[in-house]
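# Structural characterization, general
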Amino acid sequence: MDFDRILRNILIAGIFLLPFIPYIVANNMFFPFITGKNFTFRIIVEVLFGVWAILALRNVAYRPNMSWIFAAFAAFVGIILVADLQGANVTKSLWSNFERMEGWVTLAHLLAYLVVAGTVLKTEKLWTYFLHVSIGVSLFAVLFGFFQLSGLTQINQGGVRLDARFGNATYLAIYMLFHIFITGMYLLRGLKTIKPLVVSGVTGFVVFLFAIISMNPNGLPEGSNLFIWISLLGIGGLVYLLFQEGKEWLSRYVVPVLYSLLILAQMVVLYHTATRGSILGLLAGLLLAGLLIALFERKRPLVRKFGIGSLIAVMLVVGGFFFMKDTAFVKESPVLARFSGISIDSGTVQARFTIWNMAWQGVKERPILGWGQENFNLVFNKYYDPVLYNDEPWFDRTHNIIFDWLIAGGFLGLIAYILIPLSFLYYLWFGRGNISTVDKSLLTGLLAGYMFHNLFVFDNIMSYIMYVTILAYVYAHSTPDVSEGKMAKVFDLGFINRVATPIIILATVFTIYAVNAKPILASTTLINALRPQPTPQDNITYFREALAYNTFANQEIREQLVQAATRAARSNTEPGIQQQIFDLARSEMEKMRTVAPDDARHALFYGTLLETFGQLSLATEQFEDAQRLSPNKQTIRFAVAGNYMNLGRHDDAEVLLRETLELAPEFDDANIMLAVASVYRGNFEQADELLEGFFGETIIDNSRLLQVYINTQNWERVRDIWQLRVDKQPNNSQNRISLAASLLQLEDREGAIEQIERAIEIDPSFAAQGEHLIQEIRAGRTP
């Protein structure tokens, strides 16, 4: 076997590894569902690109030819690089963070993957088997989704929305959408062979068995046997069918039935993700694909009827839903209820419109090249609309692909991004590739569904990989082999072997280390820092080690360090350890503020750290700077006002909180915070007027009010709030003990004893301590 063929086989093997990435969950890393998949993708692509570079130098057949798909993607990556380099936070734009693992480095890897896959997978047979491996892994995701649906393993994000090994229902949903169309493409091709399906089925069943066994090394959950037998029977059945290859009944009946069952299962899992954008994207994609097949398919009347049937089916589904959306069946369904609640006036839709308007303000400020990737949080803070008080306090995405790329790359970046699907459609429909009308229609429907999905959410590594895969598929089918021109230049083999190859190998090894090794070590070390260790000193040591790697993860490590420091300050950790972790956290947050001075989040975190350790005046500087960077965000204003109150600046706190209330008078916390400030100023009547005016009563079960009443020794109000909590939870012993303490402050000793006795009845383990308290109270003492 010659060296070129060895390199080619390595490339094919590496490409065929990529579909298995959804299986990976790195539990020893920070954000395990994100980091493991992304680092695996990057390492594989880096190795592939290095091997491909050597092969392309040796053999002109593996060099990329001119294609607008490649040109558009390369231009997009180049423009975004320029945007990132002039952006608001260059490091974050280039490298992202553990939570997202995107940034320019991911775009560069996707471009490399496009080149390798598009130039190496050059035959339809290779693409058929590659896509069937991916279909097989989607079967694994289906089986794992059913495993979650049956309650045999937990849904990672909680609730009822399936997420398989993705950790997020939205990520699983778009993955299923891609595979529904890809599987449908092979269903409608009318394949005469069972071999690709055997590859898919065996892949899916084996990966599923490996997954559930590796997840439960000490014994499988009860009920798993059914899934194991289904998997084993599935493998056995597929192997049997493989030996029946060539039989007419196999190709006429079995193959289409198996594809149809798989598509049905994929749709069931997609449905149970309850991801509205993906489900609506699927319907829109099927509608478009059906329409295109009905209009342009002429050679296969049966397939044309299928296209017409899909049109009718989608319209019936949509029409039937609108007819039934107010019925109990729909409203009681966790999935359908999410759709019945969609309206222009719903809170979710209004919040999206508000966020998009905030994004537009940022676009107007930087229209040409935007803010750089991963910097929407700066726009979100700067142009924050107070009506979002009930939503997440920190948004790093606009949840709309148009605004995301407008923010990241300005109009130049957005135009470059739009050119990619346009060039894809051009080559798909008008290129030289021998792609059937049905395939063209389904791939167009897939693109439409994917883009519709991205109008309401954002990409993740698997949706990126699937998108670039279909780009590479059309790219490989639409460009001729390189046989002439500049790309066909033959290089001296001695130069390639002695100079170019060693340089490429060294560059690949260095890239793997720089891009992956250090961040992986930082991630695993951070997990050790967060886990219980023999001594708190060990946790501090791990934090120092994680930071010493000096990676793009420093922001997340520092934020976790601040949270650990504040927990230590509020616990019984010995003072020396508290001082050590505070000194480290303070030093690191000073660096963070220098690196990203315009990020209100860092100022708020730093201020909270300083305030927790009693550095009130220094905390004021940070809190006020956070407010300068995000003037309308209530949570920041509350932090500033709380700091003022701790410093005794009650007048300043009240002025600030009145302004805050005016931003969104319907915000209950704003009313409560102003009432708290009034209590601290001794203006109890004003506090009661605020509470009665907003809530209709003066006794409100709220922890902030409870604390201010305790601090001002208003024991009647303390008692009243604890009484509310006891009434709500009569079997909560701790609430009764706290109520007893407030009664004791009011000299109601019999009432206190009664509550302690009830607490003992509820929690017998409290008996000894409770009896002692009762004795002390009856003796006239206040324990």
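As a reminder, the structure under discussion sits directly above these lines.
For the structure given in this document, a descriptive report is provided here. (Residues numbered from 1 in each chain as written. Predicted model: local features only at pLDDT ≥ 70, side-chain atom pairs only at ≥ 80, totals over all residues. Heavy atoms only, no water.)

### Quick word on the overall build of the chain
Here is the rule we go by: Secondary structure follows DSSP: runs of H or I at least 4 residues long count as helices, runs of E at least 2 residues long count as strands, and numbering of each begins at the N terminus. Throughout, radius of gyration means the C-alpha value; the globule benchmark is 2.2 Å times the number of residues raised to the power 0.38. Relative accessible area decides the class of each residue, using a 1.4 Å probe on protein chains only: under 20% of the type maximum gives buried, over 50% gives exposed, and in between gives partly exposed. By definition in these notes, contact holds between two residues if any of their heavy atoms fall within 4.5 Å. Throughout, the Shrake-Rupley method with a 1.4 Å probe supplies accessible areas, and for residues the shown protein chains are the sole cover considered. Only four residue types enter the tally: Lys and Arg on the positive side, Asp and Glu on the negative side; His and the chain ends are excluded. By convention, charge coordinates are those of NZ in Lys, CZ in Arg, CG in Asp, or CD in Glu.
Per the secondary structure count, the chain includes 34 helices and zero strands. Taking 783 residues into account, the globule formula puts the C-alpha radius of gyration at 28 Å, and the chain, at 31 Å, falls close to it. Across its three principal axes, the chain shows a C-alpha extent of roughly 95 × 60 × 50 Å. The buried share of the chain, taken over its 783 residues, is 54%. Sequence-distant contacts in the chain: of pairs separated by 6 or more residues, those separated by 24 or more amount to 70%. When the accessible area of the chain is evaluated, it comes to approximately 34,300 Å², of which 60% is carbon and sulfur surface. Mean positive and mean negative side-chain charge positions of the chain (62 and 67 charges, respectively) differ by 14 Å.

### Notes on the side chain of H109
The cut-off we apply is this: Polar contact is the term for a pair of N or O atoms within 3.5 Å; when the atoms are in protein, one must be able to donate a hydrogen and the other to accept it, and sequence-neighboring residues count only if both atoms are side-chain atoms.
By the element assignment, H109 lies in helix α5 (residues 103-120). Polar side-chain contacts of H109 include one of 2.6 Å to the side chain of E46.

### Quick look at the packing of aromatic side chains
Our working rule: Any pair of Phe, Tyr and Trp rings, taking the six-membered ring for Trp, is counted once the centres come within 6.5 Å. Such a pair is stacked with planes under 30 degrees apart, edge-to-face with planes over 60 apart, and tilted for the rest. The criterion for a charge sitting over a ring is simple: Lys NZ or Arg CZ within 6 Å of the ring centre, and within 35 degrees of the ring normal.
Inspection of every chain in the model, using the stated rule, returns 40 aromatic pairs. Aromatic side chains F76 and W405 sit 4.8 Å apart centroid to centroid with 80° between the ring planes, which places their arrangement in the edge-to-face category. Of this pair, F76 sits in helix α3 (residues 68-85) while W405 sits in helix α17 (residues 401-430), and the two are 329 residues apart along the sequence. Of the two residues, F76 and W405, neither departs from the other in class, the shared state being buried. A cation sits over an aromatic face here: R649 above Y644, 4.1 Å from the ring centre. One cation-aromatic arrangement involves R725 over W722; the distance from NZ or CZ to the ring centre is 4.9 Å.

### Quick word on the packing of helix α22 (residues 554-569) against helix α23 (residues 575-595)
Spelled out, the test is: Between the N-to-C directions of two axes lies an angle of 0 to 180 degrees, each axis being a line fitted to C-alpha atoms and, for a helix, fitted only over the stretch in contact. In a left-handed crossing the near helix is turned counterclockwise from the far helix by less than a right angle, and in a right-handed crossing that turn is clockwise. In this count, Pro and Cys sit with the nonpolar residues alongside Ala, Val, Leu, Ile, Met, Phe, Trp and Tyr, while Asp, Glu, Lys and Arg are called charged and the others, Gly among them, polar.
The contact between α22 and α23 brings their axes to 9 Å, and the two run at 145°. The handedness of the crossing between α22 and α23 is left-handed. Contacts between α22 and α23 involve Q555, R558, L561, V562, A564, A565, A568 and A569 from the first element and Q578, I581, L584, A585, E588, M589, K591 and M592 from the second. Residue composition of the contact of α22 with α23, grouped by class: eleven nonpolar, two polar and three charged.

### Section: the environment of L422
Along the chain, L422 falls in helix α17. Placed 254 residues apart in sequence, L422 and N168 show a C-alpha to C-alpha distance of 29 Å.

### What to know about the packing of helix α6 (residues 124-149) against helix α10 (residues 248-273)
So the rule is basically this: In this scheme, roughly parallel covers angles under 35 degrees and roughly antiparallel covers those over 145, while 65 to 115 is roughly perpendicular and the rest are oblique.
The geometry of α6 relative to α10 is characterised by a closest axis approach of 10 Å and an angle of 50° between their N-to-C directions. In terms of orientation, α6 and α10 fall into the oblique class. When you trace α6 past α10, the crossing you get is left-handed. Along its contact with α6, which presents H132, I135, S138, L139, V142, F146 and L149, the element α10 presents Y259, L262, A265, Q266, V268, V269 and H272. Residues of the contact of α6 with α10, tallied by class, amount to ten nonpolar, four polar and no charged.

### Considering unusual backbone geometry
Here A274, not a glycine, exhibits a phi torsion of approximately 55°, which is positive. In this fold, A274 is placed in the loop between α10 and α11 (276-296).

### Digging into the environment of I308
Here I308 shows up in helix α12 (residues 301-324). Classification of I308 as partly exposed rests on a relative accessible area of 34%. Along the primary structure I308 and L414 are separated by 106 residues, whereas in three dimensions their C-alpha atoms are 35 Å apart. Once you skip the residues sitting within four places of it in the chain, I308 turns out to touch G290 and A294.

### As for the pattern of salt bridges
Spelled out, the test is: In what follows, salt bridge is the name for a side-chain nitrogen of Lys or Arg lying within 4 Å of a carboxyl oxygen of Asp or Glu.
Counted by the stated rule, this structure contains 28 salt bridges. The salt bridge partner of R397 is E102, with a shortest N-O separation of 3.5 Å. Of the two residues, R397 sits in the loop between α16 (376-382) and α17 while E102 sits in the loop between α4 (90-95) and α5, which places them 295 residues apart along the sequence. For the pair R397 and E102, a shared accessibility class is recorded, and that class is buried. For R558, the salt bridge goes to E588, with nearest N and O atoms at 2.9 Å. Remark: E588 occurs in helix α23 and R558 occurs in helix α22; sequence separation between them is 30 residues. A relative accessible area of 7% means that E588 is categorised as buried. One connected set of salt bridges, linked through shared partners, spans R100, E102, E374, D396 and R397.

### Side note on the side chain of S463
In this fold, S463 is placed in helix α19 (residues 461-478). Looking at S463, the relative accessible area reads 2%, which means it is buried. From its side chain, S463 meets the backbone nitrogen of N460 in a polar contact 2.9 Å long. In this structure S463 touches I174, F178 and Y450, once residues within four positions along its chain are discounted.

### Describing a nonpolar patch on the surface
So the rule is basically this: Distance thresholds for patches are 9 Å for like charges and 5 Å for nonpolar side chains (Val, Leu, Ile, Met, Phe, Trp, Tyr), applied to residues having over 30% relative accessible area and no salt bridge.
Judged by side-chain polarity, W360, I402, F411, I415, I418, L419 and L422 come together as a nonpolar surface patch covering roughly 590 Å² of accessible area. Considering each element in turn, the nonpolar patch owes the most residues, six residues, to α17. Take F411: it is sitting in helix α17.

### Focus: the environment of L238
Along the chain, L238 falls in helix α9 (residues 224-242). Between the alpha carbons of L238 and V160 there is a distance of 32 Å; along the sequence they are 78 residues apart. What L238 contacts, discounting residues up to four positions off in sequence, is L197, V198, G201, V202, F205 and L258.

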